[in-house]
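These are the residues of each chain, in order.
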Amino acid sequence: MQILDLTLDQLTGRLNQTFGKGRFHATALYREIFKSGNPNFFESKEFTSSPAFTRQLKHKINLTPGQVVETFKENNLTKFITKLSDGEKIESVIIPMTNHQTLCVSSQVGCKMGCRFCETGRMGFKRNLKIFEITGQLFNARFTLKEKIKNIVFMGMGEPFDNFDPVIQAIRIMNEQKGFDIALRHITVSTSGLINGIEKLAGMDMPGLRLAISINAADDKTRSWLMPVNKTIPLISLKKALQSFPLTKRGCFLFEYILIKGLNDSQKDAIRLADYIKPLPVRLNLIPCNPVNGFNYESPCDADMHKFAQTLTNKGIFVIKRWTRGQSVAAGCGQLGQKC
Ligand code: SF4
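Per-chain numbering applies: the sequence of each chain, read as written, is numbered from 1 onward. Confidence filtering applies because this is a predicted model: local features only for residues at pLDDT of at least 70, side-chain atom pairs given and counted only at 80 or more, and all residues used for totals across whole chains, interfaces and linings. Heavy atoms from the whole structure form the basis of all side-chain values; hydrogens and water molecules are not counted.

As named in an unreviewed UniProt entry, the protein is RlmN2: ribosomal RNA large subunit methyltransferase N, taken from Desulfobacula toluolica. UniProt positions are given in the numbering used here, feature names are shortened, and annotations may be inferred rather than shown by experiment. If you open the UniProt record of the protein and go to Cofactor (unreviewed entry), you find "[4Fe-4S] cluster". In its Subcellular location (unreviewed entry) section, UniProt records this for the protein: "Cytoplasm".

Pasting the structure below:
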């Protein structure tokens, strides 16, 4: 039984099926592992009182979040590399915010989407992550690296909607109140624009879960060049899917726009982007382009970024300029998968 795969209800069901035990032991086990990161759960009072059951249970439980083999630091930002049981490696980033830490998790080893500005895209696709390999990143961040993680963003390696079911199950586990206890409104899933994923998510009961779109251009020609997914799912189809998405009251989409000098940073680009966004409730993150091997572009200067942002603000768009962090350890946006 891979414990990092299970919600509390599912664990209760398994204990019931296999041992005839119920919620009492499931809650205790969940608390020890997901709240305290204690692999020696059998030492807690609920288990010491039933030694025969505990002996059997110990042999059934697998707790394998993956091995953290390397960490890189830049100020308070940490990138860590996890080695999985088949030897593949994935990267996760812990980003310091004002009052808490955000964990950026991976959902695949590599990625099929081939975005030009992204190192992971250049790696190609190796495989999907399993549920426990996704929740394992949070387990390791909290209990191996001892970081206080309050937010999760699915913006690491991979396209989360290309590994839909395991990602959704991992979110349910992260959200479990008696375990990791991360509120849905503190979890963001970022997609390159896979509308079947957006539509599937729209039909699920996950109120508050945040949806981010990596947009990067508001004309099909530039976006298709930057992000091949746009050739089959053009901007108009993406917009339609977003317009039908059931946001909560006061909810909004997060759009991410990587500013690339001479490619998508003109005043014309800003106006086109504002027009595309206009009917949608959007918070727009502007991100300067990070250096990526084989992508010979750079970010515009601060003054040009400011001008771009101002044009959008003047058109009523809520804009946040994100300063670049983690470049020196290749943990910036689009850089995961690079050697440091
Ligand atoms: S930006 Fe995201 S979707 Fe695009 S290649 Fe990189 S990991 Fe994949």
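### Focus on the nonpolar core
What we call a nonpolar core is a set of buried Ala, Val, Leu, Ile, Met, Phe, Trp, Tyr and Cys residues that are connected through their side-chain atoms within 4.5 Å. For every residue, the accessible area (1.4 Å probe, protein chains only) is compared with the maximum for its type, and the residue is labelled buried under 20%, exposed over 50%, or partly exposed between those bounds. Core analysis: the biggest nonpolar cluster contains 101 residues, and Ile152, Phe154, Ile171, Phe180, Ile198, Phe255 and Leu284 have the highest contact counts within it. Either an automatic procedure or a domain database provided the assignment from which the domain bounds are taken. Residues lining this core come from more than one domain, with at least three contributed by each of domain 1 (3-60) and domain 2 (67-329).

### A few points about the side chain of Asn230
For Asn230, the position within the fold is in helix H10 (residues 229-232). Two residues qualify as a contact provided that any one of their heavy atoms is within 4.5 Å of a heavy atom in the partner residue. Every residue in contact with Asn230, bar those within four places of it in the chain, is listed here: Asp220, Arg223, Ser224 and Leu235. Counting from the N terminus, the helices are DSSP H or I runs at least four residues long and the strands are E runs at least two residues long.

### Brief notes about the packing of helix H1 (residues 8-19) against helix H2 (residues 23-35)
Any two packed helices are characterised by the angle at which their axes cross and by the distance between the axes. It is the contact of H1 with H2, at a shortest axis distance of 9 Å, that shows an interaxial angle of 130°. Relative to H2, H1 is oriented oblique. As H1 runs across H2, the sense of the crossing is right-handed. Taking contact as the criterion, the partners of Leu8, Asp9, Leu11, Thr12 and Leu15 in H1 are, on H2, Arg23, His25, Ala26, Thr27, Leu29 and Tyr30. Any residue outside Ala, Val, Leu, Ile, Met, Phe, Trp, Tyr, Cys, Pro, Asp, Glu, Lys and Arg is labelled polar, Gly included; the first ten of those are nonpolar and the last four are charged. Considering only residue class, the contact of H1 with H2 consists of six nonpolar, three polar and two charged. Angles shown run from 0 to 180 degrees and are taken between the N-to-C directions of axes, each axis being a line fitted to C-alpha atoms and, for helices, limited to the stretch in contact. When describing relative orientation, an angle under 35 degrees is termed roughly parallel and one over 145 degrees roughly antiparallel, while 65 to 115 degrees is termed roughly perpendicular and anything else oblique. Here a crossing is called left-handed whenever its near helix is offset anticlockwise from the far helix by less than a right angle, and right-handed whenever the offset is clockwise.

### Here's the deal with the pattern of salt bridges
One side-chain nitrogen of Lys or Arg within 4 Å of one carboxyl oxygen of Asp or Glu is enough to make a salt bridge. In the structure shown here, the tally under the stated rule is 13 salt bridges. A salt bridge links Asp9 to Arg23; its shortest N-O distance comes to 2.6 Å. Linking Asp9 in helix H1 with Arg23 in helix H2, this pair joins segments that are 14 residues apart in sequence. Of the residues examined, Asp9 reaches a relative accessible area of 54% and is grouped as exposed.

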